[in-house]
Amino acid sequence: MDLAVTNRAIELVNQGLTQLRPYLDDPSVTEIMVNRHDSVFVERAGQMQHLDLRLGEEKVLALIRRLGKLAGKDVEPNTVNAIVDSRFDGMRVAGVLAPTAFNGHCICIRRHSTSVFGLASYVESGRMDLTDPEGTVAAASLTPPPMGEVAKGGAGLQSFLTWLIKSKQNFLVVGSTGSGKTALLNSMIAEMDDDARVLTIEDTHELIVNLSNVVILESNEQAGITSRLLVKLALRFRPDRILMGEVRGAEAFDLMRAVNSGHRGCFATLHANSAADAMGALEKMILTAGVDWPLSSIRQDIANAFPYVIFAERRAKRSGVISEVARIDGVDPNTGRYNVHEIFKRRNYYDSLAIAA
């Protein structure tokens, strides 16, 4: 789009949400994120900042509709047109109306920087240093608990699951319907630090994310708002973590691509009979997306995307029983099969009696 259209888009933002004007005019602000009318964040000079602003729900709605019109789209709730994803010259705008945006109408404005920094500035700012003095990758240095303790279950397994969250590992929670997958995820989400922008995608909102910077999206197949559409949209909202309630079909491909594009600390659930079976289940879903890739390439990307798998099941009168935890160490180049290493496996009751005897 030409500069005149971009200027009109900026004018619409300035008119509709005058409180955002100082941030649109600030060249150090690269992202303006309205999670809902009373939850606003900006990214300034690479740092996330919360703004104490109340914008007005109707004003956010009106702005999204006007920006949609500018992009040639009539924006209406509960339809596939509830979403705006438009690129203007030097700016990208993504907006979603409620109820697809579960907490209220949301919009994300990304300003593309026109400044070009010399490579010398990377050295001066420490961006090329061997170590990270600011501690921004501290999570990556967290070490897991001893695997021998994890294999015993109990507190050792709890420490491992906490490490998965704190160190921002990507993983899957798998099992049957009613196995307690979502309840387990919610328990793990409660361990998350409030230092990341989180975006969730679900068919029905069940994930509990009590953090400050959250966008919750809900699909509606009847209205044409598919999980696949929302996974693609997610990257327009500058997420640090992407959490998906359940992967059911072709969106598995888009989720895998999103996770493999540098996003850490992402997780999802899916139906599978075991930790090892989860890989095959994910393959089948990816293939429904019409991907013309060799299976070996798909398997390698799956292994890279989700190196850990937790299998939960219902036993007796209890759900959420963790029966397996596995690590996926790539794909064997000779057999083409996943290298699945058991970290924890729950013994059956009678097997335990036999071992004790």
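It should be noted that the structure appears before, not after, this text.
Report on the accompanying structure. (Residues numbered from 1 in each chain as written. Predicted model: local features only at pLDDT ≥ 70, side-chain atom pairs only at ≥ 80, totals over all residues. Heavy atoms only, no water.)

Here we take up the packing of aromatic side chains. A complete count under the given rule lists five aromatic pairs for this structure. Seen in terms of ring centroids, Trp163 and Tyr308 are 5.8 Å apart; in terms of plane orientation they differ by 90°. Their pairing is edge-to-face. A residue pair is termed long-range when its members are at least 10 positions apart, and Trp163 in helix 6 (residues 155–166) and Tyr308 in strand 12 (residues 308–315) qualify at 145 residues. With respect to burial, Trp163 and Tyr308 carry one shared label: buried. One aromatic cluster is present, built from ring pairs that chain together Phe160, Trp163 and Tyr308. (Phe/Tyr/Trp six-rings, centres within 6.5 Å; stacked < 30°, edge-to-face > 60°. Helix = DSSP H or I, 4+ residues; strand = E, 2+ residues; numbered from the N terminus. Buried < 20%, exposed > 50% of the residue type's maximum accessible area, 1.4 Å probe, protein only.)

A word on the nonpolar core. Among the nonpolar cores identified, the biggest contains 85 residues, and Leu20, Val247, Leu255, Leu270, Leu282 and Ile286 are the most heavily contacted of them. With seven residues, the top contributor of residues to this core is helix 10 (residues 275–287). When sequence neighbours within four positions are dropped, the list of residues in contact with Leu282 reads Leu172, Val247, Ala252, Leu270, Ile302 and Phe306. (Core = buried A, V, L, I, M, F, W, Y, C linked by side-chain atoms within 4.5 Å. Contact = heavy atoms within 4.5 Å.)

The set of residues buried in helix 8 (residues 227–234) consists of Ser227, Leu230, Val231, Leu233 and Ala234. Down the axis of helix 8, the buried set is contained in an arc of 165°. They therefore lie on one face. Buried residues in helix 8 make contact with strand 4 (83–88), strand 5 (91–96), strand 8 (198–202), strand 9 (214–218), strand 10 (241–244) and helix 9 (251–259). (Arc of directions from axis to C-beta.)

Let us now look at helix 3 (residues 57–70). Here helix 3 spans 20 Å end to end across 14 residues, near enough to the 20 Å set by a 1.5 Å rise per residue. Every buried residue belonging to helix 3 is among Val60, Leu61, Leu63, Ile64, Leu67 and Gly68, and all of these are buried. Axial view of helix 3: buried residues confined to an arc of 160°, hence all on one face. Opposite the buried face of helix 3, by more than 90 degrees, sit the exposed residues Glu58 and Lys69. (Expected span 1.5 Å × (residues − 1).)

The eight strands are arranged 9-8-10-11-7-12-13-14 in an open sheet whose pairing can be described as mixed. Where the open sheet ends on each side, the last strands, each with one partner, are strand 9 and strand 14 (338–345). Shown here is a sheet whose adjacent strand axes are inclined to one another by a mean of 25°, direction ignored. Lying on the sheet, helix 10 is in contact with strand 7 (171–175), strand 11 (267–271), strand 12, strand 13 (318–331) and strand 14; it crosses strand 11 at an angle near 90°. Sitting on the sheet, helix 11 (residues 295–305) is in contact with strand 13 and strand 14, with an inclination near 120° to strand 13. (Pairing = 2+ DSSP bridges. Axes fitted to C-alpha atoms, helices over the stretch in contact; angles between N-to-C directions.)

Once that is clear, we can look at unusual backbone geometry. Cis geometry is adopted by the peptide bond preceding Pro99, which originates at Ala98 and carries an omega value of 10°. Considering the arrangement of structural elements, one finds Pro99 in the loop between strand 5 and strand 6 (106–111). Positive phi values are uncommon outside glycine, yet Asn78 reaches one of about 60°. If you trace the backbone, Asn78 turns up in the loop between helix 3 and strand 4. In this model, Lys168 sits at a positive phi of 60°, which is unusual for a non-glycine residue. Note on placement: Lys168 falls in the loop between helix 6 and strand 7.

Quick look at the sheet that holds strand 5 now. Read across the open sheet, the six strands follow the order 3-2-1-6-5-4; overall the sheet is antiparallel. Across the chains shown, the open sheet's two edge strands, defined by having one partner strand only, are strand 3 (47–51) and strand 4. Across the sheet, the mean angle separating the axes of adjacent strands is 10° when strand polarity is ignored. In terms of strand pairing, strand 4 meets strand 5 through six bridges, oriented antiparallel. Looking at the pairing, Ile83 lines up with Val96 of strand 5. Along the sheet, helix 8 contacts strand 4 and strand 5; its crossing angle with strand 4, the most-contacted strand, is approximately 35°.

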